[in-house]
Structure formats: structure tokens, C-alpha cells
Amino acid sequence: MSHDFGDNSGLFAAIFGIVFVTFYLVILVGSYVLMGLALSSFFRKVGVEPWIGWVPIYGYWKWLEVGGQAGWLALLIVVPYASIVASVFLAIGMYRTGIAFRKDASWVVLGIFLPFVWLFLLARPTEVYEPARITAAGYPPPLAGFGAVARPAAPPTPAT
């Protein structure tokens, strides 16, 4: 005796879609929470308000500034292909921040591939942040946090 249950492909597609969207949202929210915790603990260590780590673009803006980079580069994250430029400048900032923590260049590789681990490791209580080491190495000082120096304004143009 054969039972015809009809075509269940639509039901299968709906279930697959719900599972896929749910999985995607869990990964997205989990990544946001993980980076928010990592950035806020790192910001606390380097002298930036910890709540800034929870604000998506602004957190990256301050992270770039801690590394001595222009914060506005964080806006490139939302531009297709230009986000690569922001990532390169973030890696440069990670290198400079690593100098302040007495870390070598190999830490940048960790920061590129696992940024939340990089942030959590530098935020440990045993780590010491010495922003003066950045300028001693010949790089500009941080633009945010401890040791921050505001960039000088452009000189005034002479009146004609």
C-alpha cells in the first residue's frame, strides 16, 4: 500500500531557510557581543571610554585612533572594496599599539586573523600599556586614550 504525501519540497525549503537565517543571526549577534566585550576591555586598558566598544562604527574609529591612524578611515568599512583600505590601516595601528605593549610584529598576524583574541590578550591585567614607546619608536602618538595628542590644526591662511 503506497501513501502519497504530496510534494514536500516547499516545506523543506522553508525549514532550511529558517534554520539558515537563525544560524546566521546567531553568528552575527555572537560576533557583535564578542567584539563588543573585547573592544570595551581593551579600551578600558588604553584609556578610552569602554562603552564606545559597543557602538559599531565608532568603536573601530577609536580603535584606529588608538593606533595613531585617522579615525574617519572607519567609515570605509561600509564601502565595498574600500574596507580593505580600512583593514590595512587597522593592521598598521595594531602594530603601533603592539609597540606600546612591548609586543613584536608577529602579534599583528594574530590581530588580523583573530582580532578579539588580540584585544583580550592585550587587555589582561598583566599587560602594561606604555604609549610613550610609540613615539620613541618614531611613530606619531595615539589620537585617543592615554598618551593621546591632538593633531595640530592646519595653519591659518593669510588674508589677502
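Source: prediction; values computed, not measured.

The next subject is the side chain of Lys103. As for its placement among the helices and strands, Lys103 is situated in the loop between helix H3 (83–100) and helix H4 (106–113). Lys103 sits in the buried class, given a relative accessible area of 19%. Apart from residues lying up to four places away in sequence, Lys103 is in contact with Gly98, Leu122, Arg124 and Glu127.

This paragraph deals with the layout of surface pockets. For the largest pocket, the calculated volume is near 260 Å³. Lining the largest pocket are 13 residues; nearest its centre among them are Tyr60, Trp63, Ser87, Leu90 and Met94. Sorting the residues of the lining of the largest pocket by element identifies helix H2 (56–66), H3 and H4 as the ones contributing at least two each. Element by element, the count of residues in the lining of the largest pocket is highest for H3, at six residues. Taken together, the residues of the lining of the largest pocket break down into 10 nonpolar, three polar and no charged.

Turning to the packing of helix H1 (residues 9–46) against H2, a few remarks are in order. Contact geometry for H1 and H2: axes closest at 11 Å, N-to-C directions at 40 degrees. In terms of orientation, H1 lies oblique with respect to H2. Crossing geometry of H1 relative to H2 is assigned as left-handed. Across the interface between the two elements, Tyr32, Met35, Leu39, Phe42, Phe43 and Val46 from H1 touch Pro56, Gly59, Tyr60, Lys62, Trp63 and Val66 from H2. Taken together, the residues of the contact of H1 with H2 sort by class into 10 nonpolar, one polar and one charged.

Here is what the cut-offs are and how they apply
- Residues numbered from 1 in each chain as written.
- Predicted model: local features only at pLDDT ≥ 70, side-chain atom pairs only at ≥ 80, totals over all residues.
- Heavy atoms only, no water.
- Helix = DSSP H or I, 4+ residues; strand = E, 2+ residues; numbered from the N terminus.
- Buried < 20%, exposed > 50% of the residue type's maximum accessible area, 1.4 Å probe, protein only.
- Contact = heavy atoms within 4.5 Å.
- 1 Å grid on protein atoms, 1.4 Å probe; cavity = no way out; pocket = protein on both sides within 12 Å on 5 of 7 lines; lining within 4 Å.
- Points joined across faces, edges and corners; volume = space filled by probe spheres on them.
- Nonpolar A, V, L, I, M, F, W, Y, C, P; charged D, E, K, R; others polar.
- Axes fitted to C-alpha atoms, helices over the stretch in contact; angles between N-to-C directions.
- Parallel < 35°, antiparallel > 145°, perpendicular 65-115°, else oblique.
- Left-handed = near helix turned anticlockwise from the far one by under 90°.

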